[in-house]
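Residue-level structure breakdown
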Amino acid sequence: MAILVTGGAGYIGSHTVRELLEQGEKVVVLDNLCKGHAAAVPEGLLVRGDVQDQELLRRLFRRHEIEAVIHFAAFSLVGESVQEPLKYYENNVVAAQKLLTVMRECGVKRFVLSSTAATYGDPQSIPIEESDPTLPTNPYGETKLAIEKMLHWCDMAYGMKAVSLRYFNAAGAHEDGEIGEDHQPESHLIPLILQVALGQREMINIYGDDYETEDGTCIRDYIQVMDLAQAHWLALKLLRERETGGTYNLGNGRGFSVKEVIARARLITGHPIPSRIDARRAGDPAVLVASAEKAKRELGWRPRHSSLDEMIASAWNWHRKHPAGYGENGRKRE
């Protein structure tokens, strides 16, 4: 029996694959490498292909006796989703529907979804709880919410059990520095800051300093990527042991402003990291902080790397070792 990890060559997916292997699981990774990197996956695990290829899915399910799916494969750029909503519905929602169809055919009834805090939209209260209203402000969040709802109805109709993990701002890298965050284009704050420290960009842009926060910049809840990986493993355990699903926030319950993150990165890297104030970006809430009490209570989840300094340091370790990401040392950037 094996676990199919779709999008397992991506940032969070590859770290989850590492966690599953460390827990003794047998893993098969399916990734079309449009965003992911073959070098992020241990040799022999990667099948290059698309989640929408149902014949390929059927072969994988039968050949490897797949017992559960952890689903990361999705487009996730908020701005792009606003400009290309149909692209996001096709790649995220339609692909999930095709995957679930094959799961039903093959009798596989355990599913862990990589979801997002973007399902909440502009929060009505902080910290955000799972029972709060879900009113996405962009197609990316809307497509993830649509998949969550599809999973609910698949449970009602077919007995499929699913866990949806709504996580906040993933950060950091594996402690050994061998896998990390490499997006093209990069849109996440910490790697963008570290690119300045590496001399790959002149400065970091701060989008708005007039929010109703202590220093005027947006506040976000950062969660170390291996803590996210651990939560996926615990979600799988829940599905096996209790045959029940649920929706869970993953965050540290504490927020840091953009200026605070830059200040910590300056100390850790020893680089001045120049910054520039720019206009606000449309759709950026002032504060996003999670309540993860439900995940701690029901999954037994305990973040092991909750220090912002530790997250930045692990990311810095990865970026210093791989200044060109997975494209260095002759390895083709996929």
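Below is a summary of the structure that appears in this document.

Calculation criteria
- Residues numbered from 1 in each chain as written.
- Predicted model: local features only at pLDDT ≥ 70, side-chain atom pairs only at ≥ 80, totals over all residues.
- Heavy atoms only, no water.
- Buried < 20%, exposed > 50% of the residue type's maximum accessible area, 1.4 Å probe, protein only.
- Helix = DSSP H or I, 4+ residues; strand = E, 2+ residues; numbered from the N terminus.
- Contact = heavy atoms within 4.5 Å.
- Axes fitted to C-alpha atoms, helices over the stretch in contact; angles between N-to-C directions.
- Parallel < 35°, antiparallel > 145°, perpendicular 65-115°, else oblique.
- Left-handed = near helix turned anticlockwise from the far one by under 90°.
- Core = buried A, V, L, I, M, F, W, Y, C linked by side-chain atoms within 4.5 Å.
- Phe/Tyr/Trp six-rings, centres within 6.5 Å; stacked < 30°, edge-to-face > 60°.

Here's the deal with helix α6 (residues 189-197)
- For α6, the tally of buried residues reaches nine of nine residues, placing the bulk of the element in the interior.
- Looking at α6, one finds that the buried residues are Leu189, Ile190, Pro191, Leu192, Ile193, Leu194, Gln195, Val196 and Ala197.
- Looking at the packing, one finds that the buried side of α6 touches β7 (169-171), β8 (204-207), β9 (219-224), α8 (258-269) and α10 (308-321).
- Positive phi shows up at Gly199, right after α6, with a value of about 80 degrees.

Section: the packing of helix α1 (residues 11-22) against helix α7 (residues 225-242)
- Where α1 contacts α7, the axes come no closer than 8 Å and their chain directions differ by 60 degrees. Judged by the inter-axis angle, α1 sits oblique to α7. Taken as a pair, α1 and α7 cross one another with a handedness that is right-handed. Mapping the contact onto sequence places Tyr11, Ile12, His15, Thr16, Glu19 and Leu20 in α1 and Val225, Met226, Leu228, Ala229, Gln230, His232, Trp233 and Leu236 in α7.

A short note on the nonpolar core
- Core analysis: the biggest nonpolar cluster contains 38 residues, and Val5, Ile12, Leu20, Leu165, Leu250, Leu299 and Trp301 have the highest contact counts within it.
- Counting only elements with at least two residues in this core, the list comes to β1 (2-6), α1, β2 (27-31), β4 (66-71), β6 (161-167), α7 and β10 (246-250).
- In terms of residues, this core owes the most to one element, α7, which gives 11 residues.
- Not counting residues within four places of it along the chain, the set of residues in contact with Trp301 comprises Ile223, Asp227, Gln230, Ala231, Leu234, Leu250, Gly251, Ala292, Ala295 and Lys296.
- Counting residues in hydrophobic clusters, the runner-up holds 27 residues, among them Ala2, Ala95, Met150 and Leu151.

Quick look at the environment of Pro42
- Along the polypeptide, Pro42 turns up in the loop between β2 and β3 (46-48).
- As a C-alpha pair, Pro42 and Gly325 span 283 residues in sequence and 16 Å in three-dimensional space.
- Residue contacts for Pro42: discarding those within four places in its chain leaves Val17 and Leu21.

Observations regarding the packing of aromatic side chains
- Tallying each qualifying case throughout the model produces two aromatic pairs.
- Considering the side-chain rings of Phe75 and Tyr88, the 5.6 Å spacing of their centres and the 55 degrees angle between planes classify their relative orientation as tilted. Linking Phe75 in the loop between β4 and α3 (78-83) with Tyr88 in helix α4 (residues 85-106), this pair joins segments that are 13 residues apart in sequence.
- Looking at Phe75, the relative accessible area reads 12%, which means it is buried.
- Note on Trp318 and Tyr326: the rings are 4.9 Å apart at their centroids and 50 degrees apart in plane angle, and the pair reads as tilted.
- Assessed through its relative accessible area of 1%, Trp318 is described here as buried.
- The class for Tyr326 is buried, based on a relative accessible area of 1%.

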